[in-house]
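Residues per chain are reported as follows:
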Amino acid sequence: MTDLMLDVRGLDVTFGSTTVLHGVDVTLAKGRTVGVVGESGSGKSTLAKVLVGSVRPSAGHVDVDGVDLVNHEHTSMRRYRRRVQMIPQDPYSSLSPRRTIGQTLAEAINPIRSRVSDHRDLIASWLERVGLTPDMMHRYPHEFSGGQRQRIAIARGLIIDPDFVIADEITSALDVSVQAQILELLAEIKESLGITMMFISHNLAVVQRVSDEVLVLYQGRVVEAGPVEEIYANPQHWYTRRLLDADPGSPGFSLAG
Amino acid sequence: MADTVNAVRTAAASPAGPRSFRWNAGLILGLGMLAVVALVAIFAPIVLGGQASGLGGTPNLGSTPEHPLGTDTLGRDMLARTLVATRATVLMAAIATALSSITGIAIGIAIWLAPRRIRELGLRAIEFAVSYPTMLVAIIVAAILGQGVVQVVVAIAIANVAGFARLTANLAAKIATSEYVTTARLMGVPASRVAARHVLPNMAEPTLILIAGAFSGALVEISGLSFIGLGAQTPAFDWGTLLNDGLNKIVVNPIVIVGPAVALTFTSLAALLVGDGLAAAANPRSNSTQARLVRDKAAPTIERGDAVLVADGITVAHGASGATLVSDVSFTIGRGEVLGIVGESGSGKSLTASVVAKLLGEGLSASARRLELDGVDLLGPVPPRELASKIGLIYQDPGTSLNPAMVLGRQLSEVLTLRLRHSRRASRELLLSKFRQVMLSDPEGRLRQYPHQLSGGMKQRAMIASAMSTDPVLLIADEPTTALDVTVQREVLTVLGRMNEESGTAVLFISHDLGVVRALCDRVLVMKDGKIVERIDDMAGLSAESVSHPYTKQLLAATPVVTLPTAAPTARTEGES
């Protein structure tokens with residue numbers, strides 16, 4: 001099964017005595033995007049942390065693009081971490097206030113030397129790709145709006161050409177109008193680069209805009225999974241239906257609930 | 001009101017990042033005094049060296065025209081000796097401070113980049129070391145190392161390392177757990193580079209302040225060690241040895257200790273002034289002025305009528321830069337009506353609400369032609385008690401607007417007991433009835449719980465109950481559901497709608513999401529760049545065609561909508577592609 005990016009089976013994660021993920025199964029083909037939906041505490045961020053290698057699974061089988069994350073060597077993790085990139089949630093705390101945008105992107109390209117002059121063309125082209133201008137590489141994060149910062153965070157995640165990208169609630173700190181622009185940008189990049197992505201959100205409407213498949217997590221368990229069209233048209237689990245009805249943009253939305 | 005803060009920050013061009021530097025009197029005075037000390041340290045030994053150590057003068061003189069500070073037991077001029085001793089004393093203090101700060105900062109940062117076990121062990125070790133008084137450690141170390149200048153400097157440096165390590169570890173804790181450091185480490189940036197690139201630059205300001213304070217401390221400690229005879233040995237001398245020599249003569253010739261005592265006080269005061277000055281300069285709030293709300297001279301354009309709130313021509317400007325953040329915003333809210341204000345961050349929607357609640361942020365000035373709430377003129381002086389009973393407030397993040405160290409019952413009934421002078425018992429009963437109204441489960445139990453024991457949605461319900469406990473005529477809800485999940489958002493919106501229906505309280509509802517607003521509001525104002533660009537009166541018929549301003553259309557299009565495929569679903573596959 002070489003065309004699978006993600007092959008997760010029976011994943012359990014426990015912190016002390018609490019089990020955060022119970023027997024989670026996820027499979028994702030290369031070039032596809034899976035949306036992970038659930039409320040706070042449903043375990044969606046923990047799933048992301050397992051996939052970037054910062055949380056160790058307690059049980060199960062986790063295979064990301066051929067790398068076994070349950071029984072891995074410490075040295076192979078360093079190379080793995082550059083193949084899988086996470087775009088963080090909060091654009092205000094994810095960029096170092098004392099580093100220019102160019103320096104931040106150069107660090108992503110070369111973590112050790114991190115010189116802007118070595119990668120000027122690559123940085124400029126990525127700034128343009130995410131809808132900014134190359135001269136912005138000399139500016140500091142505080143000179144940008146939340147939406148612009150999130151564009152920079154996206155550029156940082158994608159500039160090293162990762163095999164798999166995890167976007168963790170990347171629009172939940174943004175206004176709806178800015179959120180729409182960021183979603184459009186992601187859809188566009190996905191189209192042109194054919195990246196494989198996991199898109200995490202608590203909002204089903206947001207997930208629908210960028211995902212091919214959707215996975216609904218509830219209290220650490222997968223309650224529903226499948227292609228977007230099927231799940232949205234015919235939700236089987238009561239929790240999925242509740243999520244759908246709770247969305248202000250959904251046809252089933254009303255305040256009498 | 002997060003937006004208010006953001007607007008102030010943007011207007012002052014001084015967000016969390018590098019700030020524009022603000023000079024202040026203390027800092028300038030301190031730097032001036034330090035410059036004097038530096039000049040003396042450089043030139044005094046060259047110019048006065050001979051006079052300070054030359055023998056043959058009259059010993060034990062009091063203050064005379066030739067020797068204003070007298071002479072010591074060997075007839076040397078005390079003024080010259082004090083000035084010459086500046087170099088040795090200041091240099092020793094500076095080197096000791098440099099050694100302790102470099103070592104302490106290195107330890108403090110390294111602990112936070114180390115694996116968890118080592119970090120825990122290191123933090124405990126620092127706490128243990130800090131519990132010993134600095135001077136005691138310095139004396140013990142100096143006693144072990146023996147007498148001499150180098151030994152004293154090393155002793156002071158070692159004694160101060162723990163303090164530096166403790167404070168930098170605290171500073172580094174926040175930075176090391178921030179998302180930019182986590183991201184950099186995930187990308188494979190080595191720990192040493194993370195320290196140099198991210199941790200150190202982001203704690204530069206507080207560290208500088210700390211170093212200035214430590215220098216002042218080291219100065220006193222070194223003089224102290226020399227005073228008890230552990231420091232500079234004859235014929236070398238510093239302020240501490242001068243003080244020691246002078247002490248023997250304090251009864252017969254008190255003038256001889258004036259020189260070193262004044263020099264020591266002057267220099268350590270200079271260092272403290274610089275430290276405090278730097279701290280004040282680094283604090284963006286230290287120079288801002290109090291918010292002002294004044295009456296516009298122009299005649300009101302909106303009649304009072306029977307509206308709950310009449311806001312006519314609200315304008316808000318940033319005091320220092322003069323930038324207009326809200327310009328000429330007018331609206332009324334009728335009894336029992338829910339008015340929504342929609343706009344992106346920085347559009348001025350929260351600022352408008354903060355003017356109505358008389359909670360404008362520092363450094364801002366506002367004016368209005370008329371601002372009346374239920375017959376009370378808000379532009380004049382309003383008794384806090386009146387304001388507290390007429391307006392209820394709900395903020396965006398229930399997690400940060402509640403005091404984590406107080407049980408809900410106490411803190412949510414504060415306004416009732418303190419402002420409205422209800423008895424404890426009556427306040428509690430009132431809050432309980434509101435808890436029931438917002439459908440909080442186990443209301444009695446909730447009164448005794450701390451905020452962390454409640455989920456985000458429950459906290460926001462408790463906030464609504466508290467805001468409604470005074471039976472206000474107007475409830476201002478500033479993005480009350482933005483921090484919540486969609487399912488919880490719906491619950492909170494439902495509660496808000498019910499409270500409005502049952503008690504007839506008018507609501508000013510602020511949000512960036514037109515989808516949320518349309519579910520709850522009777523009318524909506526759309527704001528952009530501090531102005532109202534569109535007024536939507538017919539919420540039921542809201543569609544891309546019914547609105548005229550392009551920005552409203554854009555907002556409407558941006559609202560995420562679930563689109564349900566119309567085709568009948570085929571047989572489900574087992575969740576795989």
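Note that the structure is predicted; figures quoted are calculated from it, not measured.

1. Some points on the overall build of chain B
Logical step 1: When you go through chain B residue by residue, the secondary structure sums to 22 helices and 12 strands.
Logical step 2: A globule of 577 residues ought to have a C-alpha radius of gyration of about 25 Å, yet chain B, at 33 Å, is considerably larger.
Logical step 3: Taking the principal axes of the C-alpha coordinates as reference, chain B spans close to 105 × 70 × 50 Å.
Logical step 4: Put simply, 70% of the contacts in chain B that link residues at least 6 apart link residues at least 24 apart.
Logical step 5: Per element, the accessible surface of chain B, about 25,800 Å² overall, is 60% carbon and sulfur.
Logical step 6: The averaged location of the 45 negative side-chain charges in chain B is 4 Å from the averaged location of its 49 positive side-chain charges.

2. A look at the interface of chain A and chain B
Logical step 1: On the chain B side, the residues contacting the 67 residues of chain A number 56 residues.
Logical step 2: Of the roughly 5,600 Å² buried at the junction of chain A and chain B (both faces included), carbon and sulfur atoms supply 56%.
Logical step 3: Of all residues in chain A, the largest losses of buried area upon contact with chain B belong to R98, V176 and L255 of chain A, amounting jointly to 13% of the total for that side.
Logical step 4: Our count for the chain A to chain B interface comes out at 2 salt bridges.
Logical step 5: E107 of chain A is paired through a salt bridge with R197 of chain B; the nearest N and O atoms lie 2.6 Å apart.
Logical step 6: For the pair chain A and chain B, the interface holds 14 residue pairs in polar contact (both at pLDDT 80 or more).

3. Some details on the pattern of salt bridges
Logical step 1: Overall, the coordinates contain 31 salt bridges over all chains when judged by the stated rule.
Logical step 2: Across the pair R76 of chain B and D72 of chain B runs a salt bridge, and its minimum N-O distance is 3.1 Å.
Logical step 3: A relative accessible area of 13% means that R76 of chain B is categorised as buried.
Logical step 4: Note that D374 of chain B is salt-bridged to R335 of chain B, the shortest N-O span being 3.1 Å. Here R335 of chain B lies in the loop between strand 3 (324-333) and strand 4 (338-342) and D374 of chain B lies in the loop between strand 6 (370-373) and strand 7 (376-377), a separation of 39 residues in the sequence.
Logical step 5: Given the relative accessible area of 54%, R335 of chain B is considered exposed.
Logical step 6: Taken together, the salt bridges that share partners define one network made up of K30, D65, R83 and D163 of chain A.

4. As for the nonpolar core
Logical step 1: Judged by nonpolar contacts, the single largest core of 56 residues is most densely connected at I123, I154, F199 and Y232 of chain A.
Logical step 2: The leading source of residues in this core is helix 6 (residues 176-193) of chain A, at 6 residues.
Logical step 3: Judged by nonpolar contacts, the second largest core, of 47 residues, contains I394, F435, L475 and L484 of chain B.

5. Re the sheet that holds strand 10 (residues 221-227) of chain A
Residue and element names in this part refer to chain A.
Logical step 1: Taken in spatial order, the 6 strands line up as 6-7-8-3-9-10 in an open sheet, and their pairing is mixed. Looking at the sheet topology across the chains shown, the edges are occupied by strand 6 (84-87) and strand 10. Put simply, the sheet's adjacent strands are angled 15 degrees from each other on average, direction ignored.
Logical step 2: With 4 bridges connecting them, strand 6 and strand 7 (residues 164-168) associate as parallel partners. From the neighbouring strand, I87 faces strand 7, where its bridge partner is A167.

6. Digging into the environment of A94 of chain B
Logical step 1: Assignment of secondary structure puts A94 of chain B in helix 3 (residues 78-113).
Logical step 2: Each C-alpha atom, one on A94 of chain B and one on S192 of chain B, is 26 Å from the other, the two residues being 98 residues apart in sequence.

7. Points about unusual backbone geometry
Residues and elements named next belong to chain B.
Logical step 1: Positive phi, normally seen in glycine, also occurs at D471, with a value near 50 degrees.
Logical step 2: Inspection of the secondary structure assignment puts D471 in the loop between helix 19 (456-468) and strand 9 (474-478).
Logical step 3: You will see that D529, though not glycine, has its phi angle at about 50 degrees, which is positive.
Logical step 4: Tracing the sequence through the fold places D529 in the loop between strand 11 (523-528) and strand 12 (531-536).

8. Considerations on helix 4 (residues 120-129) of chain A
All names here are of chain A.
Logical step 1: Looking only at helix 4, the buried set comprises I123, A124, W126 and L127. End-on view of helix 4: buried residues confined to an arc of 165 degrees, all on one side of the axis. With respect to the buried face of helix 4, the exposed residues turned more than 90 degrees away are D121 and E128.
Logical step 2: Structurally, helix 4 contributes buried residues whose contacts are with helix 3 (101-109), helix 5 (146-158) and helix 6.

What counts and how
Residues numbered from 1 in each chain as written. Chains lettered and ligands numbered in written order. Predicted model: local features only at pLDDT ≥ 70, side-chain atom pairs only at ≥ 80, totals over all residues. Heavy atoms only, no water. Helix = DSSP H or I, 4+ residues; strand = E, 2+ residues; numbered from the N terminus. Rg over C-alpha atoms; globule rule 2.2 N^0.38 Å. Contact = heavy atoms within 4.5 Å. Areas by Shrake-Rupley, 256 points an atom, 1.4 Å probe, with all protein chains shown as cover. Lys, Arg positive; Asp, Glu negative; His and termini not counted. Charge placed at Lys NZ, Arg CZ, Asp CG, Glu CD. Buried area = accessible area lost by both parts, 1.4 Å probe. Salt bridge = Lys/Arg side-chain N within 4 Å of Asp/Glu carboxyl O. Polar contact = N/O pair within 3.5 Å; in protein donor to acceptor, adjacent residues only side chain to side chain. Buried < 20%, exposed > 50% of the residue type's maximum accessible area, 1.4 Å probe, protein only. Core = buried A, V, L, I, M, F, W, Y, C linked by side-chain atoms within 4.5 Å. Pairing = 2+ DSSP bridges. Axes fitted to C-alpha atoms, helices over the stretch in contact; angles between N-to-C directions. Arc of directions from axis to C-beta.

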